[in-house]
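# Fold and geometry: a report
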Amino acid sequence: MRPLLILSTALMLVGISWALLVAPTEVLQGLPQRIMYIHVPVVITAYLAIGVVFIGSVLFLWKKDARWDRLAHASAELAVLFISMTLISGAIWGKPVWGTWWTWDARLTTTLILWFIYVGYLVVRAWAPGGRGARAAAVIGIVGALDIPLIHWSAILLRTLHPQPTVFRAEGPLLPASMLPPLLISEAAFLLMFAALLVLRVRQERTLSRLIESLEGA
Amino acid sequence: MRSVWLLATKDLRLEWRTREIVTTMGLLAFLLVIVLGAARSDPESAPGAMWVTYAFAATLGFARTFALERDHLTALRLAPVDRGSVFLAKAMANWLMLVVVQIVSLPLFGALFTEAVWTRLPLLALPIALGGIGLSAVGTLFGGLIVQARLREALLPLLMLPVTLPLLIAAVSATSAILDGMPLSAVGAQLQLLGAFDILFLTVSWLLFDFVLEE
């Protein structure tokens, strides 16, 4: 875990310096556009976290192994963290560029609703502890991920303002080549940070459950 | 299928004899229509008010239906039917109770918000029915999930409202277009979304209900 954390911090410093000092300033948006180097990596990491919650939840219900539940739980906490960072960095970017902190755009609405779903996941765990809470949370982890396309579809009914993807497209990146390296470095940094925190939380939960077991045994 | 029907009629008979849940849901719906209507009662506010009312009535009622079962969950677990049937029976009973509340509150929307509720009734029945089915599917799944949790009544809306938001958005949008006098073809996308939501959540809940009732 420690090497992951060190590597992530180092890459984050490189990515941020590159994004702030080397990368070109966008013509229309100016300096606020540099928030992209945080916003985009963070949102991708958030969706990865949601995917890990889904996989952990399915495997927990299927295999009944508490390890999968610990993985899903740790990832759900990180999902809430990274979704929060997405919403905050997006609002800070939206204010100077769109003239508003918030708008009922499809992507924004979807992200906000996901925040509520995964906060609900954590609340269920807090209010229904033990095996029952774990199973309830797993069902929410599955339902939450399956709900994403429907949330997005419904939010499109509400109209859209957010730009379309510019990097991960079938036709190749639309983003200028000079903006790509700091974005990818920053992306790698956040993914490594996610991995490090995930390992840390899973280990903590494992220690906790061992402690409880040994106390019950004594 | 027979066992689904038997279990559902058991719940409905219980409800018919006490009338606890439908009365509470109905009164809350009545109160919400009045509160929302006092705040704004122009025709444009009707669809939003309608679905806020239905969603809150549903979260209140659906938290109760499993509570009835709380002391008898073992009996339900031991019943010689598969858990998917238990889900379908509960969801059906919940939906029928919600439908009663929906029908009873329609005259209020007609009186307070817009006359169009009456002239557009046949078309309006589509989003009301499809939306009610989805609310019941999700409400039954989560209601069963948290039956033994602390603060169950507070937890259900926290879980149910975000997950059903796509359904509520589509239902509000369809209701609003229909009340504005648009033809059926104008709400095709919304009705498709409602149908997709219903199918997805009925199937997923039916599959996952095994784990919900597990000891």
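Keep in mind that this is a model prediction, so the values were computed, not measured. (Residues numbered from 1 in each chain as written. Chains lettered and ligands numbered in written order. Predicted model: local features only at pLDDT ≥ 70, side-chain atom pairs only at ≥ 80, totals over all residues.)

### Quick notes on the overall build of chain B
Along its length, chain B carries 9 helices and 0 strands. Its helices and strands in sequence order give chain B the pattern α-α-α-α-α-α-α-α-α, from N to C terminus. Its C-alpha atoms give chain B a radius of gyration of 17 Å, near enough to 17 Å, the size a compact globule of 215 residues would have. Overall size of chain B, expressed as C-alpha extent along the three principal axes, is 50 × 30 × 30 Å. Across the 215 residues in chain B, those meeting the buried criterion constitute 48%. (Helix = DSSP H or I, 4+ residues; strand = E, 2+ residues; numbered from the N terminus. Rg over C-alpha atoms; globule rule 2.2 N^0.38 Å. Buried ≥ 20, exposed ≤ 12 C-beta atoms within 10 Å, placed from the backbone.)

### A closer look at the overall build of chain A
Broken down by element type, chain A carries 6 helices and 0 strands. Its C-alpha atoms give chain A principal-axis dimensions of roughly 65 × 45 × 30 Å. Out of the 218 residues in chain A, the part that is buried amounts to 39%. Counting only contacts in chain A whose residues sit at least 6 apart along the sequence, the fraction spanning at least 24 positions is 76%. (Contact = placed C-beta atoms within 7 Å.)

### Thoughts on helix α1 (residues 2-18) of chain B
Residues and elements named next belong to chain B. Along its 17 residues, α1 runs 24 Å from first to last C-alpha, staying within 8% of the 24 Å computed at 1.5 Å per residue. Residues of α1 that are buried in the fold lie against α2 (20-39), α3 (46-67) and α5 (83-112). Just past α1, the residue Arg19 takes up positive phi, approximately 55°. (Expected span 1.5 Å × (residues − 1).)

### Looking at unusual backbone geometry
Despite not being glycine, Lys64 of chain A has its phi angle at roughly 55°, a positive value. If you trace the backbone, Lys64 of chain A turns up in the loop between α2 (36-63) and α3 (66-98).

### Concerning the packing of α2 of chain B against α5 of chain B
All names here are of chain B. Running from N to C, α2 and α5 cross one another at 25°; their axes reach a closest spacing of 9 Å. One finds that α2 runs roughly parallel with respect to α5. For the element pair α2 and α5, the recorded crossing hand is right-handed. Judged by residue contacts, Ile21, Val22, Met25, Gly26, Ala29, Phe30, Val33 and Gly37 of α2 engage Met97, Val100, Val101, Val104, Ser105, Leu108, Phe109 and Leu112 from α5. Grouping the amino acids of the contact of α2 with α5 by side-chain chemistry returns 13 nonpolar, 3 polar and no charged. (Axes fitted to C-alpha atoms, helices over the stretch in contact; angles between N-to-C directions. Parallel < 35°, antiparallel > 145°, perpendicular 65-115°, else oblique. Left-handed = near helix turned anticlockwise from the far one by under 90°. Nonpolar A, V, L, I, M, F, W, Y, C, P; charged D, E, K, R; others polar.)

### Section: the nonpolar core
Ala49, Ala79, Val124 and Val139 of chain A together with Ile146 of chain B are the most contacted members of the largest nonpolar core, which has 126 residues in total. At 15 residues, the largest contribution of residues to this core is made by helix α8 (residues 152-179) of chain B. When residues no more than four places from it in sequence are discounted, the contact partners of Val139 of chain A are Leu145, Leu208, Phe211 and Val212 of chain B. (Core = buried A, V, L, I, M, F, W, Y, C linked by C-beta atoms within 7 Å.)

### With respect to the confidence of the model for chain B
Residues and elements named next belong to chain B. Within chain B, residue pLDDT values average 88, and 98% of them lie at 70 or more. Here helix α4 (residues 73-78) is the element of chain B with the lowest mean pLDDT, 74, and helix α7 (residues 121-145) is the one with the highest, 93. For this predicted complex, the interface confidence reaches an ipTM of 0.88, while the overall pTM sits at 0.88. (pLDDT = per-residue confidence, 0-100.)

### Re the packing of α7 of chain B against α8 of chain B
In a pair of packed helices, the angle between the axes and the distance between the axes together describe the arrangement. Residues and elements named next belong to chain B. As a packed pair, α7 and α8 sit with axes 10 Å apart at the nearest point and diverge in direction by 175°. As judged from the angle between their axes, α7 and α8 are roughly antiparallel. In contact with Leu123, Leu124, Pro127, Gly131, Gly134, Leu135, Val138, Gly139, Phe142 and Gly143 of α7, α8 contributes Leu156, Leu159, Met160, Val163, Thr164, Leu167, Ala171, Ala174, Thr175 and Ile178. For the contact of α7 with α8, the residue count by class is 14 nonpolar, 6 polar and no charged.

### Quick word on the interface of chain A and chain B
When the parts of a complex come together, some accessible area is lost, and that lost area is often taken as the interface size. The interface is formed by 24 residues belonging to chain A together with 27 residues belonging to chain B. Breaking the side of chain A that touches chain B down by element, the ones donating at least two residues are α4 (106-127) and α5 (130-157) of chain A. The dominant element in the side of chain A that touches chain B, judged by the number of residues it contributes, is α5 of chain A, at 14 residues. The residue makeup of the side of chain A that touches chain B, split by class, is 19 nonpolar, 2 polar and 3 charged.

### Points about the environment of Val138 of chain B
Residue and element names in this part refer to chain B. Inspection of the secondary structure puts Val138 in helix α7. By C-beta crowding, Val138 is classed as buried, having 28 other C-beta atoms within 10 Å. Measuring from C-alpha to C-alpha, the distance between Val138 and Val163 comes to 7.9 Å, with 25 residues separating the pair along the chain. Apart from residues lying up to four places away in sequence, Val138 is in contact with Met160, Val163, Thr164 and Phe201.

### Notes on α5 of chain A
Because each turn of an α-helix spans 3.6 residues, side chains separated by three or four positions in sequence point in the same direction. Its 28 residues give α5 of chain A an end-to-end C-alpha distance of 40 Å, which sits within 8% of 40 Å, the value for a rise of 1.5 Å per residue. Its maximal kink placed at Ile148 of chain A, α5 of chain A deviates by approximately 40°, while the proline Pro149 of chain A follows within four residues. (Bend = angle between axes of the 7 residues up to and from the residue.)

### Considerations on the environment of Val187 of chain B
Inspection of the secondary structure assignment puts Val187 of chain B in the loop between α8 and α9 (188-213). By C-beta crowding, Val187 of chain B is classed as buried, having 21 other C-beta atoms within 10 Å.

### Observations regarding the environment of Ser41 of chain B
Residues and elements named next belong to chain B. By the secondary structure assignment, Ser41 is in the loop between α2 and α3. With 68 residues separating them in the primary sequence, Ser41 and Phe109 have C-alpha atoms 9.1 Å apart. If we skip the residues at most four places from it in the chain, Ser41 touches Leu112 and Phe113.

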